[in-house]
Amino acid sequence: MSDLDLLTQSLARNVKHWRAVRGFTLDVLAARAGVSRGMLIQIEQARTNPSLGTVVKIGDALGISITTLLDYEQGPKVRVVPGDQAVRLWHTDAGSYNLLLAGTEAPGPLELWEWRLMPGESSASDPHPTGTAELLHVTEGELALTVDGVEYRVPAGATASFEANTPHTYGNQGDVPMGMLMAVSVPPVH
């Protein structure tokens, strides 16, 4: 079975599981996530590979991390994720990418990401639920971070944090690659 098949099967199993845990019908989850009921059915039947944006919306609606949605198995209290098992969810032909390094539920989803943006590239994010916080540290280059229409420059060695319940974009307007580590904390669903 390929990695993509494993991810598709894991996503199907975990969306069904967490939808049941939360007591959500397909219609309720569809409304909360802003995803069609038909798409959820296809996901739960492992008949589609949804976009990163769709997976994020479903995770946010369920109040769990992407890591939990894509997890092949639930492990012990201590979990070591080998570098070759980090999940690349987005990339461009020019070499930009993000890597989901690890995640946990503490008490809501908490994710650790590695990002690389090549010169001239950017990635936009829809608003996350109210109470979501992002903390990022630029390791190389300069990040052009736009939050709710306002651009902030974050150079290598600097750290930024923000409430992520508004539209935001990570961009590289420089001449060299930009690298950063980012933690995302999503509040638990009540």
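Residues numbered from 1 in each chain as written. Predicted model: local features only at pLDDT ≥ 70, side-chain atom pairs only at ≥ 80, totals over all residues. Heavy atoms only, no water.

Peer 1: Which residues make up the side chain of H168, and what are the values?
Peer 2: Structurally, H168 can be placed in strand β9 (residues 168-171). Within the structure, H168 has its side chain in polar contact with the side chain of Y170 (distance 3.5 Å). (Helix = DSSP H or I, 4+ residues; strand = E, 2+ residues; numbered from the N terminus. Polar contact = N/O pair within 3.5 Å; in protein donor to acceptor, adjacent residues only side chain to side chain.)

Peer 1: How would you sum up the pairing of strand β3 (residues 109-117)? Please name residues and give values.
Peer 2: Residues P109, E111, W113, W115 and L117 line the buried face of β3, whereas the alternating positions L110, L112, E114 and R116 sit on a face that is not buried. Taken together, the 8 bridges between β3 and strand β10 (residues 178-185) define a ladder with antiparallel strand orientation. Note on β10: the bridge partner recorded for W115 is M180. (Buried < 20%, exposed > 50% of the residue type's maximum accessible area, 1.4 Å probe, protein only. Pairing = 2+ DSSP bridges.)

Peer 1: Report on the environment of L52, specifying residues and quantitative values.
Peer 2: Summarising the element assignment, L52 is placed in helix α4 (residues 52-62). Along the sequence, L52 and W90 sit 38 residues apart, while their C-alpha atoms lie 7.1 Å from each other. In this view, L52 contacts I66, L89, W90 and N98; residues no more than four positions away in its chain are not counted. (Contact = heavy atoms within 4.5 Å.)

Peer 1: Give me the packing of helix α2 (residues 26-33) against α4: which residues, what numbers.
Peer 2: Where α2 contacts α4, the two axes come as close as 8 Å, and the packing angle between them is 110 degrees. With respect to α4, the axis of α2 lies roughly perpendicular. The handedness of the crossing between α2 and α4 is right-handed. Contact residues: L29, R32 and A33 in α2; K57, I58, A61 and L62 in α4. Residues that form the contact of α2 with α4 fall into these classes: 5 nonpolar, no polar and 2 charged. (Axes fitted to C-alpha atoms, helices over the stretch in contact; angles between N-to-C directions. Parallel < 35°, antiparallel > 145°, perpendicular 65-115°, else oblique. Left-handed = near helix turned anticlockwise from the far one by under 90°. Nonpolar A, V, L, I, M, F, W, Y, C, P; charged D, E, K, R; others polar.)

Peer 1: Report on unusual backbone geometry, specifying residues and quantitative values.
Peer 2: Of note, A46 is a non-glycine position whose phi angle comes to about 55 degrees, a positive value. Topologically, A46 is positioned in the loop between α3 (37-44) and α4.

Peer 1: Could you give me a rundown of the sheet that holds strand β4 (residues 122-125), with the residues and numbers involved?
Peer 2: Adjacent strands of a sheet pair through backbone hydrogen bonds, lying either parallel or antiparallel. Across the sheet, 4 strands lie side by side as β4-β9-β6-β7; this open sheet has antiparallel pairing. Here the strands that pair on one side only, and so sit at the sheet edges, are β4 and β7 (150-155). Ignoring which end each strand starts from, the neighbouring axes of this sheet average 15 degrees apart. Pairing geometry for strand β6 (residues 142-147) and β7, over 6 bridges, is antiparallel. Of the residues in β7, the one forming a bridge with A144 is R153.

Peer 1: Describe the packing of aromatic side chains, and please don't skip the residues or the numbers.
Peer 2: Applying the stated criterion across every chain, the model contains 2 aromatic pairs. Centroid distance W90 to W115: 5.5 Å. Interplanar angle 40 degrees. Geometry classified as tilted. You can see W90 sitting in strand β1 (residues 87-91) and its partner W115 sitting in strand β3, a full 25 residues away along the chain. On the accessibility criterion, W90 (18% relative accessible area) is buried. Geometrically, the ring pair formed by W115 and Y170 is tilted, given 4.8 Å between the ring centres and 50 degrees between the ring planes. Of the two residues, W115 sits in strand β3 while Y170 sits in strand β9, which places them 55 residues apart along the sequence. Judged by relative accessible area, W115 falls into the buried class, the value being 6%. (Phe/Tyr/Trp six-rings, centres within 6.5 Å; stacked < 30°, edge-to-face > 60°.)

Peer 1: Could you give an account of α3, with specific residues and numbers?
Peer 2: Each full turn of the α-helix corresponds to 3.6 residues, which orients residues three or four apart in the same direction. Taken residue by residue, α3 has L40, I43 and E44 as its buried positions. In a view along the axis of α3, the buried residues occupy a sector of 90 degrees, so they form one face of it. Against the buried residues of α3 lie α1 (3-22), α2 and α4. In the segment just after α3, A46 is the residue with positive phi, at about 55 degrees. (Arc of directions from axis to C-beta.)

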